[in-house]
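Commentary on secondary and tertiary structure
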Amino acid sequence: MTVQAVMAETSAIEWITDPALVRQRSRDFFWYSPVLKRQLNGVTAEAVACPKDEAEVIAVMAACVKHQVPLTPRGAGTGNYGQAMPLKGGVVLDLMGLNRVVWVKPGVVRAQAGIKLIELDAITRKEVRGELRFHPSTKRTASLGGFIAGGSSGIGSCTYGKLREAGNILGLRVITMEATPRVLELRGAEIDKANHAYGTNGIITELEMPLAPAWDWIDVLAEFPDTIAAARFSEALVASDGIAKKMAGVVAPGVAQSYFKPFMQLVAPGKAAALVMVAEPFLDLLAPLLERFGGRQVYSVPTEQAETPLYEFTWNHTTLQALKVDRSLTYLQTLFPAPHHFELVAKMDALFGDEVMQHLEFVRLGGVVSCFGLQLVRYTTEERLREIIRIHEDAGAPIFNPHAFTLEEGGMKRIDSEQLDFKRVADPHGLLNPGKMIAWDDPDWTPERKRGFYLYGQADAPAVEEVLE
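Everything in this summary refers to the structure shown in the same document. (Residues numbered from 1 in each chain as written. Predicted model: local features only at pLDDT ≥ 70, side-chain atom pairs only at ≥ 80, totals over all residues. Heavy atoms only, no water.)

We now examine the pairing of strand β4 (residues 91–94). Here β4 shows two buried faces, one formed by V91 and L93 and the other by V92 and D94. Pairing of strand β2 (residues 47–50) with β4, which is carried by three bridges, proceeds in the parallel orientation. Counted as the bridge partner of V48 is V92 from β4. In the sheet, strand β3 (residues 71–74) pairs with β4 via four bridges, with the strands oriented parallel. (Buried < 20%, exposed > 50% of the residue type's maximum accessible area, 1.4 Å probe, protein only. Helix = DSSP H or I, 4+ residues; strand = E, 2+ residues; numbered from the N terminus. Pairing = 2+ DSSP bridges.)

The following block contains the structure:
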């Protein structure tokens, strides 16, 4: 394989070859995990292609197939698990140049993959008073295509659930990795072939997304006697279907006071905190809910006027805010299944205390109010981190492993046969984002039958470049 041959055949396209810049665009926020930092820190592509339109995307893809060069698609690089990191080198395909809105009408928008979410929302708000149903905490920097290919939920999931819920994506335009790339339109049930697939089985160039009403949102921070009181308040808010809300997160006592610099003095010592977004006309309805669960509002400001929006202290931005203060911390991604979620949270608190600090995000899963944990962990060793994960899972709180870079070990915990079958057709040479889909390399894999480097915490696990030689 030769990247130089690919570049020669596509010389009209912008290429980045400076090693420092290539390395920069070969990385994401994988360093949130000390495990991934060890495994992936040396990963880099040989060059970055920067297409400006779909025709240039197709040209790069065709040239990579011809010369059998691995190709890893990238948006803004705001992922946390190495989703867009080129494990086998080759070419990174930077899609941020595809940044147009194709069309917008009431209730729906079609846009290119590289448009930033904050810019897309600004356009749809102006044109049709609509906005994306939900977005990640990285809204101000993330791209639309990157969110769909690498994300799963976020701010707005308390109303609309996860991306995989029917209706949250209406259409994907996908390019296949073949000698003569095909342009496919995935709609309906076919969308899940490429949704949250890390770009392993096709390159998304356009997306059609439903819009929600664009309310004037208000950020509200409230303190509570303890984590469970704040959690019960958040659950009640999410269950209140008549109140337009976009976010309901909880952090344990000590988190806001230690790691949220703008709010350290606002939340009293020993108090837990709830972070919510509510539409302005419904703000008065928070007072009785706060009183019911012993809460007290300590901060309220329109989201658009906030110096830093409150959503940048929720979801994985909670981890980022904490890491700014203490780089030794890491995190988990946990489901506390209803209806026994509060019992599980209390049990884990009793077991781990300050070693695992609770951070909960309330969402709807299949219409049921549930909570995810993105707990902060005082990291010591990989062995202890494995043990913490095992204890959670044995207790009935599954971990969606943020310390693994594969689809199956992260958000799925299983082989997705539909995505694997689509890869066989759309990427028959296995050149797209290699190393991220275990099923391509090991079709017999199961969570109980982990092997080699897929068992992220294996004591003697080599760096990824050694495994993928």
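Moving on, there is more to tell.
This brings us to the sheet that holds strand β14 (residues 296–302). Reading across from one edge, β14-β11-β13-β12-β18-β19-β16 is the order of the seven strands in this open sheet, with antiparallel pairing throughout. Unpaired on one side and paired on the other, β14 and β16 (334–336) mark the two borders of the sheet. On average, each strand axis in the sheet is inclined to that of its neighbour by 25°, with strand direction left out of account. On top of the sheet, helix α12 (residues 341–352) reaches β16, β18 (359–365) and β19 (368–373); it is set at about 125° to β16, its chief contact. (Axes fitted to C-alpha atoms, helices over the stretch in contact; angles between N-to-C directions. Contact = heavy atoms within 4.5 Å.)

Looking now at the pattern of salt bridges. Applying the stated criterion across every chain yields a total of 26 salt bridges. With its nearest N and O atoms 2.9 Å apart, the salt bridge here joins K66 to E9. In this pair, K66 sits in helix α4 (residues 54–67) while E9 sits in helix α1 (residues 3–9), placing the two residues 57 residues apart along the sequence. In this structure, E355 and R384 form a salt bridge, with 2.7 Å as the shortest nitrogen-oxygen distance. (Salt bridge = Lys/Arg side-chain N within 4 Å of Asp/Glu carboxyl O.)

Next up on the list: helix α11 (residues 315–325). Counting buried positions over the eleven residues of α11 gives nine, a clear majority of the element. All buried positions along α11 are accounted for by W315, N316, H317, T318, T319, L320, Q321, A322 and L323.

The subject of this paragraph is the nonpolar core. The nonpolar side chains of soluble globular proteins are, as a tendency, buried together. Ranked by internal contacts, the top residues of the largest apolar core, which has 91 residues, are F224, F233, F260 and F362. The leading source of residues in this core is strand β13 (residues 272–279), at eight residues. Counting 26 residues, the second-largest nonpolar core is a separate cluster that includes F147, I148, I204 and L211. (Core = buried A, V, L, I, M, F, W, Y, C linked by side-chain atoms within 4.5 Å.)

Glancing now at a negative patch on the surface. Side chains of D216, E280, D284 and E304 sit close together on the surface and give a patch of like negative charge. Assignment of secondary structure puts D216 in the loop between β10 (203–213) and β11 (217–224). (Patch = residues over 30% accessible without salt bridge, like charges linked within 9 Å, V, L, I, M, F, W, Y side chains within 5 Å. Areas by Shrake-Rupley, 256 points an atom, 1.4 Å probe, with all protein chains shown as cover. Lys, Arg positive; Asp, Glu negative; His and termini not counted. Charge placed at Lys NZ, Arg CZ, Asp CG, Glu CD.)

Here we take up the packing of aromatic side chains. This structure, assessed with the given rule, holds twelve aromatic pairs. Ring geometry for W31 versus Y32: centroids 5.1 Å apart, planes at 75°, classification edge-to-face. Taking 4.9 Å as the distance between ring centres and 65° as the angle between the ring planes, the aromatic pair formed by F263 and Y299 counts as edge-to-face. Of this pair, F263 sits in the loop between α9 (255–259) and β13 while Y299 sits in strand β14, and the two are 36 residues apart along the sequence. Through pairs of rings, three or more aromatic residues link up here, namely F29, W31, Y32 and Y331. Sitting over the face of the ring of W103, K105 holds its NZ or CZ atom 4.9 Å from the ring centroid. Taking the ring centre of W440 as reference, the NZ or CZ of K423 above it sits at 5.1 Å. (Phe/Tyr/Trp six-rings, centres within 6.5 Å; stacked < 30°, edge-to-face > 60°. Lys NZ or Arg CZ within 6 Å of the ring centre and 35° of its normal.)

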